[in-house]
Amino acid sequence: KGVKRCRSVAEAAPSVTTGPAAIVSAALVLVLTSMGGGFVLRAPNFAFISSPDLRAWGEQVRSVVPTGSIIVAPPRLEWVKLVTQRAVVADCKDVPYGGDAWTQWQERLEDLGGADQCVAPGPLLYDKLDADALVAVADKYGSDFIIVNPPEQETFDDLIDRGWSVVAQQVGDQGVGVLRRP
């Protein structure tokens with residue numbers, strides 16, 4: 001006496017409508033969502049890099065930059081290493097967690113203009129390096145390849161005047177120019 005019976009979870013849960021009404025409701029939501037543009041069926045894209053132009057640029061670079069080579073590239077272009085499958089001096093991604101690797105990464109970033117450029121929307125310090133500085137970085141790290149961002153025409157022209165040649169160019173609006181040592 002006086003003991004209250006607790007309801008089971010099944011009894012406490014609200015009932016769920018099943019059967020034809022649930023199927024019609026689900027179909028109605030699906031139709032209305034797709035008609036409003038909120039649901040679009042498309043073929044799956046299994047490409048890791050979705051841009052065909054960027055993939056083509058990476059293939060172009062791989063065809064002229066030998067495996068094992070190092071590219072002097074702006075650290076903020078973290079995708080260069082991924083797309084080209086080639087090493088870069090340093091980038092703002094894949095930061096080591098201490099020890100000699102951390103010290104070396106900091107030195108490499110300093111050579112490329114400094115770590116402040118890695119904090120978006122930080123300044124693009126790499127773009128402030130002139131042709132002499134970029135060639136010095138290439139010499140220090142044994143690189144025969146340099147990337148110059150398109151707006152830096154003076155640096156690009158200075159490298160061309162020194163005999164560096166363009167070996168890869170943008171594809172569509174993807175990628176950047178790559179220059180090779182004479």
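Colleague: I tried to follow the overall build of the protein chain on my own but got confused; where do I start?
Modeller: Helices and strands together make up the secondary structure of the protein chain, namely 7 helices and 5 strands. Going from N to C terminus, the protein chain has its helices and strands arranged as α-α-α-β-α-β-α-α-β-α-β-β. In the protein chain, which comprises 182 residues, the share counted as buried stands at 31%. Within the protein chain, counting contacts between residues at least 6 apart in sequence, those at least 24 apart form 51% of the total. Working note: accessible area of the protein chain is about 11700 Å², and carbon and sulfur atoms make up 57% of it.

Colleague: Looking at this model, I keep getting lost on the nonpolar core. Mind explaining?
Modeller: Core analysis: the biggest nonpolar cluster contains 19 residues, and Val72, Leu112, Tyr126, Leu134, Ile146, Leu159 and Trp164 have the highest contact counts within it. Listing elements by their share of this core, those giving two or more residues are helix 5 (99–111) and helix 6 (131–141). Setting aside its immediate chain neighbours within four residues, Val72 contacts Val89, Leu112, Tyr126, Leu134, Val137, Ala138, Ser143, Phe145, Ile146 and Ile147. Residues Trp57, Val80, Val83 and Ala168 belong to the second largest nonpolar core, which totals 18 residues.

Colleague: Looking at this structure, I do not really get the state of the cysteines. What am I missing?
Modeller: What makes a disulfide is a covalent bond joining the sulfur atoms belonging to two cysteines. For the coordinates displayed, the defined rule picks out 1 disulfide. One disulfide in the model links Cys92 with Cys118; its S-S distance is 2.0 Å. Taking the sign of the S-S torsion, -70° for the link of Cys92 and Cys118, the bridge is left-handed. Here Cys92, found in the loop between strand 2 (87–88) and helix 5, pairs with Cys118, found in the loop between helix 5 and helix 6; they are 26 residues apart in sequence, far enough to count as distant. Relative accessible area serves as the criterion here: at 15%, Cys92 is assigned to the buried category.

Colleague: Even after reading the chapter, I still don't get helix 6, so can you show me in this structure?
Modeller: An α-helical turn contains 3.6 residues, so any two residues separated by three or four positions project in the same direction. Within helix 6, burial applies to Ala131, Leu134, Val135, Val137, Ala138 and Tyr141. The arc that holds every buried residue of helix 6, seen down its axis, measures 155°, which confines them to one face. Buried-residue contacts for helix 6 involve strand 1 (70–72), helix 5, strand 3 (145–147) and helix 7 (153–161). Between the side-chain oxygen at the start of helix 6 and the backbone nitrogen of Asp132 there is a gap of 3.3 Å, and the oxygen is on Asp130. The first or second residue beyond helix 6 is Gly142, which carries a positive phi of 65°.

Colleague: Help me understand the environment of Tyr141, please; the structure alone is not making it clear to me.
Modeller: In this structure, Tyr141 sits in helix 6. Along the sequence, Tyr141 and Arg108 sit 33 residues apart, while their C-alpha atoms lie 9.1 Å from each other. Ignoring anything within four residues of it in the chain, the contact list for Tyr141 reads Ile70, Val89, Glu107, Arg108 and Asp111.

Colleague: When you look at the pattern of salt bridges in this model, what are you seeing that I'm missing?
Modeller: Note that side chains of opposite charge can pair when their charged atoms are close. Evaluation of the coordinates by the stated rule reveals 7 salt bridges. In this structure, the salt-bridge partner of Glu107 is Lys140, at a minimum N-O distance of 2.8 Å. Taken as a pair, Glu107 in helix 5 and Lys140 in helix 6 lie far apart in primary sequence, 33 residues in all. Judged by relative accessible area, which is 40%, Glu107 ranks as partly exposed. The network of salt bridges with common partners includes Lys81, Asp91 and Asp94.

Colleague: Looking at this structure, how should I read the environment of Arg76?
Modeller: Looking at the element boundaries, Arg76 is found in the loop between strand 1 and helix 4 (79–84). When the C-alpha atoms of Arg76 and Leu124 are compared, they prove to be 7.7 Å apart, with 48 residues separating the residues in sequence. A polar contact of 3.0 Å, which involves the side chain of Arg76, links it to the backbone oxygen of Gln117.

Rules behind the numbers
- Residues numbered from 1 in each chain as written.
- Predicted model: local features only at pLDDT ≥ 70, side-chain atom pairs only at ≥ 80, totals over all residues.
- Heavy atoms only, no water.
- Helix = DSSP H or I, 4+ residues; strand = E, 2+ residues; numbered from the N terminus.
- Buried < 20%, exposed > 50% of the residue type's maximum accessible area, 1.4 Å probe, protein only.
- Contact = heavy atoms within 4.5 Å.
- Areas by Shrake-Rupley, 256 points an atom, 1.4 Å probe, with all protein chains shown as cover.
- Core = buried A, V, L, I, M, F, W, Y, C linked by side-chain atoms within 4.5 Å.
- Disulfide = S-S within 2.5 Å.
- Arc of directions from axis to C-beta.
- Polar contact = N/O pair within 3.5 Å; in protein donor to acceptor, adjacent residues only side chain to side chain.
- Salt bridge = Lys/Arg side-chain N within 4 Å of Asp/Glu carboxyl O.

Shape descriptors only; they carry no functional weight alone.
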